[in-house]
Amino acid sequence: MPFRLLKTGEIDQPRGVLLTGQPNSGKTASLVTFLNTYPDKKAAYISYPNEQGSSSFPADHPNVLVRAVYEDTEAGAKVNYNALWNEIETLTADIIVGKHGKIELFFGDGLHKAHQVALGKVTGGLSAVTLDFDAKLYADASKLFLKHIHMIQRAPSIFLPVFTVWEGREKDNPDAKKAGGVDPPRHIYPELPGQLAKLILGEFGVVLYATKQGPAYKWQTKPLGDVWGCGIKLPIAASSAIETFVPQDWALLAKKVGM
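Along every chain, residues carry numbers that run from 1 in the direction the sequence is written. It should be noted that, the model being predicted, local features are given only for residues of pLDDT at least 70 and side-chain atom pairs only at 80 or more, the latter also being counted only at that level, while totals for whole chains, interfaces and linings use all residues. The side-chain quantities take in all heavy atoms of the structure and omit both hydrogens and water.

Okay, the nonpolar core next. Residues Tyr48, Leu111, Phe145 and Ile200 are the most contacted members of the largest nonpolar core, which totals 37 residues. Only DSSP runs of H or I with at least four residues qualify as helices, and only runs of E with at least two residues qualify as strands; both kinds are numbered from the N terminus onward. Looking at this core element by element, the count peaks at six residues for helix α2 (residues 81-96). As used here, the term nonpolar core means buried Ala, Val, Leu, Ile, Met, Phe, Trp, Tyr and Cys residues forming a set that is joined through side-chain atoms within 4.5 Å. Here's how the labels work: a residue is buried when its accessible area is under 20% of the maximum for its type, exposed when over 50%, partly exposed in between, all with a 1.4 Å probe on protein chains only. Formed by 27 residues, the second largest nonpolar core is a distinct cluster that contains Phe34, Leu35, Tyr38 and Val257.

Let's shift gears to unusual backbone geometry. Positive phi, normally seen in glycine, also occurs at asparagine 24, with a value near 65°. Relative to the assigned elements, asparagine 24 resides in the loop between β1 (17-21) and α1 (31-37). The backbone of asparagine 50 shows a phi angle near 75°, a positive value even though the residue is not glycine. Note on placement: asparagine 50 falls in the loop between β2 (43-47) and β3 (64-69).

To get an axis, fit a line to the C-alpha atoms, keeping to the stretch in contact for a helix; angles then go from 0 to 180 degrees between the N-to-C directions. Two elements in contact, α2 and helix α4 (residues 137-153), have axes separated by 10 Å at closest approach and are oriented at 15°. It follows from the interaxial angle that α2 and α4 lie roughly parallel. Note that α2 runs across α4; the crossing there is left-handed. On α4, the residues touching Trp85, Ile88, Glu89, Thr92 and Ile96 of α2 are Leu144, Phe145, His148, Met151 and Ile152. For classification purposes, an angle smaller than 35 degrees is called roughly parallel, one larger than 145 roughly antiparallel, one from 65 to 115 roughly perpendicular, and anything else oblique. Left-handed describes a crossing in which the near helix is turned anticlockwise from the far one by less than a right angle; the clockwise case is right-handed. Any two residues whose heavy atoms approach within 4.5 Å at even a single point are treated as in contact.

Let us look at the pairing of β1. Where a strand is regular, its side chains alternate between the two sheet faces. Among the five residues that make up β1, five are buried, leaving the element largely enclosed by the rest of the structure. Across the two faces of β1 the burial is the same, with Val17, Leu19 and Gly21 and Leu18 and Thr20 all buried. Here the rule is simple: two strands pair whenever DSSP picks up at least two bridges between them. Across five bridges, β1 lies against strand β7 (residues 206-213) in parallel orientation. Each bridged residue has a counterpart across the sheet, and for leucine 19 the counterpart in β7 is leucine 208.

This is the structure in structure tokens:
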């Protein structure tokens, strides 16, 4: 049946982790801590097309069965976004059904780049060269994009999906206009277009903002200051007990979030 009845006291496991932040803030490098937390689980790593951070992911970890990096073999050639999106979907489906072995950890690096491919697909490549296309196509791209995420999150074979995404600034009120030469207030959310920048937070149980504080790499676990695009879905007592800034080490956080 489609519903699962929880036992008294049981908390549903938060589904998936999203790591957001600036480039070079530790997002991709911190993925190794997920591997170390679950040493009995095999992993797949996909660097979405034109994501440039794959060199921060370990090249020789024994638990990584798939390490896929996009290569533009014909520099300057027109990209077939329909074919490229189908490649992403096929590779993902092959991982889920076990064609590369039993994989339980899924790492998707550069999720914003996946959305760019989806947008390229629905606009027939126009989005790569101009913004002069029907704005309604953003909604079509977002549907494809979310369907891709849901395919991974809902796969029974995947124990934990983890994605990285760049940060961006979004207006607190999307309808607010510049007044008196002053821009409307903005805060940091994932780098995704329009309402999706905020809606994506609802798709993950854990959203962490990666930051570098001096020599230390930290995750921000709840909204504070300029950063509003993070949070953990837990009962208030449990989430309140988690520090606002924690080291970028999943083993230290996993037990606190029930994962």
